[in-house]
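Here are the chains, one letter per residue:
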Amino acid sequence: MMHFMMLISCQGKIRLQKWYNSYPEKQKKKIIRDVTTLLFARQSNMCAFIEYKELKLVYKRYASLYFCCAIEEGDNELITLEQIQLYVETLDRYFGAVCELDVIFNFEKAYFLLDEFMMCGEVQETSKLHILQLVRAQDLLQEDEVSMGVFEDHGLG
Amino acid sequence: MSQQQQQRPPHVRIFDASQVIFYTFEEMALKNIRSNLDRLFDKSLTDLIRGIRNNKDNEARYIASCIEEIKMELKQESTFVKANAIEKLAYLQMLGYDISWASFNIIEVMASTKYTEKRIGYLAAAQSFHDDTEVLMLTTQMIRKDINSPNMYDSGVALGGVQSAAVNVICELARKNPKNYLTLAPVFFKLMTTSSNNWMLIKIIKLFGALVPLEPRLGKKLLEPLTNLINSTSAMSLLYECINTVIAVLISTSAGTPGDHTTSIQLCVQKLGLLIEDSDQNLKYLGLLAMGKILQTHPKAVQAHKDIVLRCLDDRDESIRIRSLDLLYGMVSKKNIMEIVKKLMEHVEHAEGSHYRDELLSRIISICSYNNYQYITNFEWYISVLVELTKVEGTKHGAKIAEQIQDVTVRVQSIRHFSVSQMALLVENANLLLSGSAQQRSNISEVLLAAAWICGEYWEHVRDLDGVLAAMLKAKPSLMPGHILSVYVQNIGKLYAALLGKAEAEDDWDAVESLDNLMMSKLPELELAEHLEAQERACTLAAMLRVLEQYHSRKEKVGAEVCQLYEGELNPVAGKAQRKVPLPEGLDLDVWIGEEWQESASESSDEDEAEKTFGQMRVRSEFANFGGPPRYESDEEAEPAHQKKPKKKASTELTPAELEKRKLQREREIQSNPYYVKGTATQPKRPTEFQMAPKAEENGTTSAHLNIQSPLEIPGVVGLSRYMEQQDATLTWKKAKKEKKKTTKKGKKKRHDTTSDEDEAAVVHQVNRHDGEMPENAKSTDDEAEEKTNGLTDEFKALDVNLDEPLRPDEIVRGPQAYIRQTVSHRPLMHPYAIDEAYSMEYQGPLQPRPPTTGPLLKKPAVETEEEKEEDRKGCGGKAQEKEEGKNPWSDGHKRRTGCARGHK
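The name given to chain B in an unreviewed UniProt entry is AP-3 complex subunit delta domain-containing protein, with the source organism recorded as Mesorhabditis spiculigera. Here chain B is described in UniProt, under the heading Subcellular location (unreviewed entry), as follows: "Endomembrane system". According to its UniProt record, chain B has this under Sequence similarities (unreviewed entry): "Belongs to the adaptor complexes large subunit family."

Naming follows an unreviewed UniProt entry, where chain A appears as AP complex subunit sigma of Mesorhabditis spiculigera. Note on chain A: under the UniProt heading Subunit (unreviewed entry), the record states "Adaptor protein complex 1 (AP-1) is a heterotetramer composed of two large adaptins (gamma-type subunit AP1G1 and beta-type subunit AP1B1), a medium adaptin (mu-type subunit AP1M1 or AP1M2) and a small adaptin (sigma-type subunit AP1S1 or AP1S2 or AP1S3)." According to the UniProt record, the Sequence similarities (unreviewed entry) comment for chain A reads "Belongs to the adaptor complexes small subunit family."

S.K.: An account of the nonpolar core is requested, with residue identities and associated values reported.
M.R.: Counting residues in each nonpolar core, the largest one holds 235 residues, and the members touching the most others are Trp381 and Tyr382 of chain B. The biggest single contributor to this core is helix H30 (residues 482–505) of chain B, with 13 residues. If we skip the residues at most four places from it in the chain, Tyr382 of chain B touches Ile365, Cys368, Ser369, Tyr373, Ile376, Gln404 and Val408 of chain B. Within the second largest apolar cluster, 18 residues are counted, among which are Phe4, Ile50, Tyr52 and Leu57 of chain A.

S.K.: Give a description of helix H17 (residues 281–297) of chain B that names residues and reports values.
M.R.: Residues and elements named next belong to chain B. Taking 1.5 Å as the rise per residue, H17 with 17 residues should run 24 Å; its terminal C-alpha atoms sit 26 Å apart, in good agreement. Burial within H17 is extensive, with 13 of its 17 residues counted as buried. Sitting at the head of H17, Asp280 places a side-chain oxygen 2.8 Å from the backbone nitrogen of Asn282.

S.K.: Before we move on, could you go through the pattern of salt bridges and cite the residues and values that matter?
M.R.: Two side chains that carry opposite charge are able to pair once their charged atoms sit near each other. Counted by the stated rule, this structure contains 28 salt bridges over all chains. One salt bridge in this structure joins Lys203 of chain B and Glu122 of chain A, with 2.3 Å as the shortest N-O distance. Taken as a pair, Lys203 of chain B in helix H13 (residues 198–211) and Glu122 of chain A in strand E7 (residues 122–123) lie in two separate chains rather than in one. We note that Lys203 of chain B, like Glu122 of chain A, is buried. Notably, a salt bridge pairs Asp326 of chain B with Arg323 of chain B, separated by 2.4 Å at the nearest N-O pair. Of this pair, Asp326 of chain B and Arg323 of chain B both sit in helix H20 (residues 318–331), separated by three residues, roughly a single helical turn. Classification of Arg323 of chain B by relative accessible area gives buried; the value is 11%. What emerges from the salt-bridge pattern is a single network uniting Glu51 of chain A together with Arg323, Asp326, Glu359 and Arg363 of chain B.

S.K.: Tell me what's going on with the packing of helix H24 (residues 379–389) of chain B against helix H26 (residues 416–428) of chain B, and back it up with residues and numbers.
M.R.: Residue and element names in this part refer to chain B. Between H24 and H26, whose axes approach to 10 Å, the crossing angle comes to 20°. In terms of orientation, H24 lies roughly parallel with respect to H26. Crossing geometry of H24 relative to H26 is assigned as right-handed. Where H24 abuts H26, its residues Glu380, Ile383, Ser384 and Val387 lie against Phe418, Ser419, Gln422 and Met423. Of the residues belonging to the contact of H24 with H26, the class tally is four nonpolar, three polar and one charged.

S.K.: Go over the environment of Lys391 of chain B, please, and point to the residues and values.
M.R.: Note on placement: Lys391 of chain B falls in the loop between H24 and helix H25 (398–411). Note: C-alpha distance between Lys391 of chain B and Glu349 of chain B (42 residues apart in sequence) is 9.7 Å.

S.K.: Which residues make up the sheet that holds strand E3 (residues 49–52) of chain A, and what are the values?
M.R.: Residues and elements named next belong to chain A. Pairing is antiparallel across the open sheet formed by five strands, whose spatial order is E2-E1-E5-E4-E3. Each of the sheet's edge strands pairs with one partner strand only, and the pair in question is strand E2 (14–19) and E3. Across the sheet, the mean angle from the axis of one strand to that of its neighbour is 20°, orientation sign disregarded. When strand E1 (residues 2–9) meets E2, the two strands line up antiparallel, connected through five bridges.

S.K.: So what's going on with the side chain of Gln138 of chain A? Which residues, and what values?
M.R.: With respect to the helices, strands and loops of the structure, Gln138 of chain A is situated in helix H5 (residues 128–153). Within polar-contact distance, the side chain of Gln138 of chain A engages the side chain of Arg119 of chain B at 3.1 Å.

S.K.: Describe the pairing of strand E5 (residues 65–71) of chain A, with residues and values.
M.R.: Residues and elements named next belong to chain A. Within E5, seven of the seven residues are buried, which leaves it mostly tucked inside the rest of the structure. Bridge count for E1 against E5 is seven bridges, and the pairing is antiparallel. Along E5, the bridge assignment pairs Ile8 with Tyr66. Here seven bridges tie strand E4 (residues 55–62) to E5, and the two strands are oriented antiparallel to one another. When the sheet's bridge partners are listed, Lys60 is paired in E5 with Phe67.

S.K.: How would you explain the packing of helix H5 (residues 59–75) of chain B against helix H6 (residues 79–95) of chain B if you had to name every residue and give the values?
M.R.: Residue and element names in this part refer to chain B. Contact pair H5 / H6: the axes reach a minimum separation of 9 Å and the direction vectors enclose 150°. Classified by the angle between their axes, H5 and H6 sit roughly antiparallel to one another. By crossing handedness, the relation of H5 to H6 is classed as left-handed. Between H5 and H6, the contacting residues are Ile63, Ile67, Ile70, Glu73 and Leu74 on the first element and Val81, Lys82, Asn84, Ala85, Ile86, Lys88, Leu89, Leu92 and Leu95 on the second.

S.K.: I'd love a proper account of unusual backbone geometry, names of residues and values included.
M.R.: Even without being a glycine, Ala63 of chain A presents a positive backbone phi close to 50°. Residue Asn371 of chain B is not a glycine yet carries a positive backbone phi of 50°. When you line up the elements, Asn371 of chain B lands in helix H23 (residues 370–373).

S.K.: Account for the confidence of the model for chain B, naming residues and giving values.
M.R.: Residues shown with low pLDDT carry predicted positions that ought not to be read at fine detail. All names here are of chain B. Predicted confidence across chain B gives a mean pLDDT of 69, with 60% of residues reaching 70 or more. The low-confidence segment residues 679–711 (pLDDT under 50) makes 26 contacts with residues lying over four places distant or belonging to another chain. Every residue in residues 821–905 is under pLDDT 50, and counting partners more than four places away or in other chains gives 122 contacts. Interface confidence in the predicted complex, given as ipTM, is 0.84; pTM for the same model is 0.59.

What counts and what doesn't
- Residues numbered from 1 in each chain as written.
- Chains lettered and ligands numbered in written order.
- Predicted model: local features only at pLDDT ≥ 70, side-chain atom pairs only at ≥ 80, totals over all residues.
- Heavy atoms only, no water.
- UniProt positions renumbered as here; feature names shortened; annotations may be inferred.
- Core = buried A, V, L, I, M, F, W, Y, C linked by side-chain atoms within 4.5 Å.
- Buried < 20%, exposed > 50% of the residue type's maximum accessible area, 1.4 Å probe, protein only.
- Helix = DSSP H or I, 4+ residues; strand = E, 2+ residues; numbered from the N terminus.
- Contact = heavy atoms within 4.5 Å.
- Expected span 1.5 Å × (residues − 1).
- Polar contact = N/O pair within 3.5 Å; in protein donor to acceptor, adjacent residues only side chain to side chain.
- Salt bridge = Lys/Arg side-chain N within 4 Å of Asp/Glu carboxyl O.
- Axes fitted to C-alpha atoms, helices over the stretch in contact; angles between N-to-C directions.
- Parallel < 35°, antiparallel > 145°, perpendicular 65-115°, else oblique.
- Left-handed = near helix turned anticlockwise from the far one by under 90°.
- Nonpolar A, V, L, I, M, F, W, Y, C, P; charged D, E, K, R; others polar.
- Pairing = 2+ DSSP bridges.
- pLDDT = per-residue confidence, 0-100.

Here is the structure:
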C-alpha cells in the first residue's frame, strides 16, 4: 500500500501531497522535510529508491518536479515507478504538455486526477483514458453550473 | 445559451428551479447584485497563487493577509464566495499552513448543492481532516447523506468515482487474513496462467505469496507458472515480483519439506545476475536486494556472482554500494577475505560522507569477526587492519575497533606479542594521536583504552616497560575521557607491579626507588581526575604506593605480593553467561531476608560508606563492551585474596542469602543516594582551550620530524599497507599461502574440528573460537530459537494469523458467482454519465446468484481466441499499448479497463 505521494519542486516547494495514512500534522511536516532533504541529496545517476524508516521511497524526477511515493516493505518498487509514470502521462494528457505551472495553478485538478487513479493507496484504475473521461465528465458538469450561475446572476434562473 | 440549457440533464434544471421557489424575485435580484460585487473584489485562487509568487520575499506576511481576507469571505452568505475561499485554503493547506480552524466552513461547502462547490469541499476535507478533527461526525453524516442522495453527481463525488477492481479488493482483504481466501486460489491460479495484464498479475502473485505459507502444496504448483513467467515476461516489474515470490515460496517450503529447488534458485539467481549487471541503476539496486534474500537460505547459489557483486562496490550510487556490502558476508571465504577487506579498505580511504564510511567500517569488522573469526587465518594481518582503521577520521566505531583488538588479543595467544608491540607504540604516541580534531580524538581515545589494557595485561610481551609506563603516566586528565583514564590507572598498576618484581628480583634498590619516585610524582595529577572511577583508582594506587614505600625504605621485598594483585588469566566470557547462571534452589528474590527495612534509615550514611558502595556499583567500563558480563571494579581491589578469577567463580561462592542481602543493600543505597546516576555517567567535559599549551610543549620535540608525515602516522606502527609489503617480501608468507590452499578442502569439511584447523597452514594461530565461558550446568543451546526466526521477511511475519481457528460462518468465502441483473439497463456503459448512474440504487434491480462457473484447481485454461490473447498482451507500462491507445482511445480504454478492473471472465 502506498502511504503518501508528494510532488516537490526543485526549490523545495511542495506542489501536491496526498496522504493515504493518517498522520498528525506535525509528523507530516517532518516527513516532508526529511523526504525533501533525502531527495535533494540524490544525484541523477543514483537509483530511484531510498529506504526511509520502515518505508521505501520511490521517486522520479520530471523536469523541475520530483514525484515521490512511499510504499511498504512488501510492495514492488518497479510497479510504483510505473504508477508515477502513468500519473504523469495522465496529467500530460489532461493539461497538454504539462509543466509545473499547470500543477501549481490547477492543483485541484491534479488532485482529482490522482483520486480517480488511486484510492486508499492502491491503484484502482489503470486506464489513462478512463481517468480522463471521468474527470472531464465532472469538469463538464461544472461548466454547466457556471453557465447556470450566469443565468442566476442576471435573474434568469 | 439555450443550447447549453438543453445539454443539461433534466434533473439539474428541476433542482435549480426548486431553489428559486425559496426567494421572491426582488430578494434574489438584490442578492445577486451583492454577490456579483463580491466576486469582483474577491481574490480568485489564481490571484492568490500569483500573489504568493510575486511576494517571495515576504510570503508569510502576504499569506497572513490573505488568510484574513479568507476569514472575511467565509463570513459571507454566498456559497460561491465560501467555496472560493475554501479552495484557496486548500491550496494554503498544501503549502503547509494550518487550516483546521476552517473545518466547519469546509463542511458548509461540502453541503453545497452545486457540484463545483461540493467538489472543492470534498477535496479540502480529504486533504485536511484527520482523526482529531472536531466535525468528523458531521462529515460522516454528510457523506452518508450524499451517497444516498438521489442526485447522481453527489453520490459520484462521495464515492470518489469508485471503480475499484474486484481483484484489488480481494487482494487487499486477503493480505489482512489470507486463510479465508484460500478457497479462491483456483480462480486466481487460472487468472495468473491466462491473463497478461501486468498490474493485475502482480497483485495476484503477491496474493499467492501470502497464501503459500498456509498451503504448502500451493507452493509446488506455483513454481512452474512462476518460472514460466520469469522466462517469458519482458516487464521488469513483473519479473521482479515473480522472483521475489519464488524466493518467498522457497523459504517457506524449504522449512517444511526438503525438496530440491536448485533449478528454480538457479533461474532466479541467473536473472538477478542480469539485473545487477544492467546499466539501469534501479534494476541493479533491486537485483542486489533480492539477492540478499536468497543469500539467507541458499548462500552457495549467490557465491557464483561474487565478481558482479564486488564490482558493485565501485558503483557511483551509495545505496547500491551499501546493498552490495550486505551481500559481501556471504561471499567471504578464508581464501578471499584478505582481498575483499583490502578492497573495502580502499573504499574507506576514498569514501565521502561519514555514513558510508562508518557503514564500511562496521562491515569490515563484522565480516572479519564473523562466527568468532571463522574466516581469518592470519591474525597479524587482522590486527594491522584494525590499527589502520583507527586512522579513519570521524568514525563513531572507535569503541568497536578497540573491542576487536582486545578480543583478538585475548583469544589468540600467539598474536599477543605482535599486538602488544603495536599497542605499546600507540600508547607511547598517545599525545600525538590525541592532538587531532575533537572527533578524531574521541575515536582514537577508545583505541587507547584497548592499547593500555593490552600493554598492562600482557606486560611480559612489552619490550620497553619503563617507556610504556612513563608514557601512560603522562596521561592528562584534561585531555582524556575519564573512563579511559581509569583503565590507564589500573594498568599503570599492573606495569608498576611488573617492573617492581623485576627490580626486586635483581636486588636493584636504586631502580625501585626511582620507580616509586616516578609513580609518586605523577599519580597526584591523576588523583585530580574529574571522573570518579579514575579518581578512585588513582587514589587507591597512590595509597598503596605510600605503604609500599615504607616497606622499601626498610628494604623489604614486596614485589611478589604486589604482583599477586594482578595475577591470573582473563578468558572471554560468553555474552549470555550472566543470564545462564542457574537459579539456586529455594531462592526467592521477593522474600525479605531480614526484618522489613524502614524508609528513613539511610539518610545518615557517611561519606566513606557512600564512596565504598559507589565503587561497588559501577561497572568496570573497560569490560562494558567486552562480550562478557560486567565486572565490578571493587570486587577485585577490595578482595586481593581472590586474585584474578573470572567473575562467575566469585559469584557462585556467595550464598543466595548473601547475594540477596547485597542486592537489597545496593537498592537501598541507590534510592537514598541523590547523586546516583542511572546508566552511564556522563563524561566530564574536556576543556578545549588550555590544553593548547601543554600540547605545544610536548609536540615541540617530536613533531619536528613527524610533520612531514600524516599526523596519525606513527613510526613503527606497521599498519596494513606496510604489513602487506613486509609479508609479500618474505618467502614464508607465500609458502604459507600455498600450503593453505592445499589444506582448505580438508579444513572446510571439518570446520569445527580444531585439530584439523591447526594444521591448515603455517600462519594459522590457535584461536579460542568458543563462545566464551559459561556457568556450570548451563546449556549453551537453550532458548535460542529467537535467532532463527529472524531470517524470514516481514511479509511472513505479517501473516502471523491464527491458523487454527476455523472460519466463522460469516467469513466463509465462496467461489465467485456470476450475477445477472433482472432489469437490464439499456444505457451504454461507457457513456460518461452512465457510470455514475450505476451507483445510484434506483437503477439496480435485485441480484441473483448463479452457480459458480470456475472449474477445479489447475484445470487447463480454456482456449482463448487469438483476439483476446492479443488484447491480454497489452499489460501495463508497455510502449506498444501506448500507440494503440492513441489510435483508438475509446475502445482500447474500455477493454483494458475491464481486463484489469473486472478481471477476465
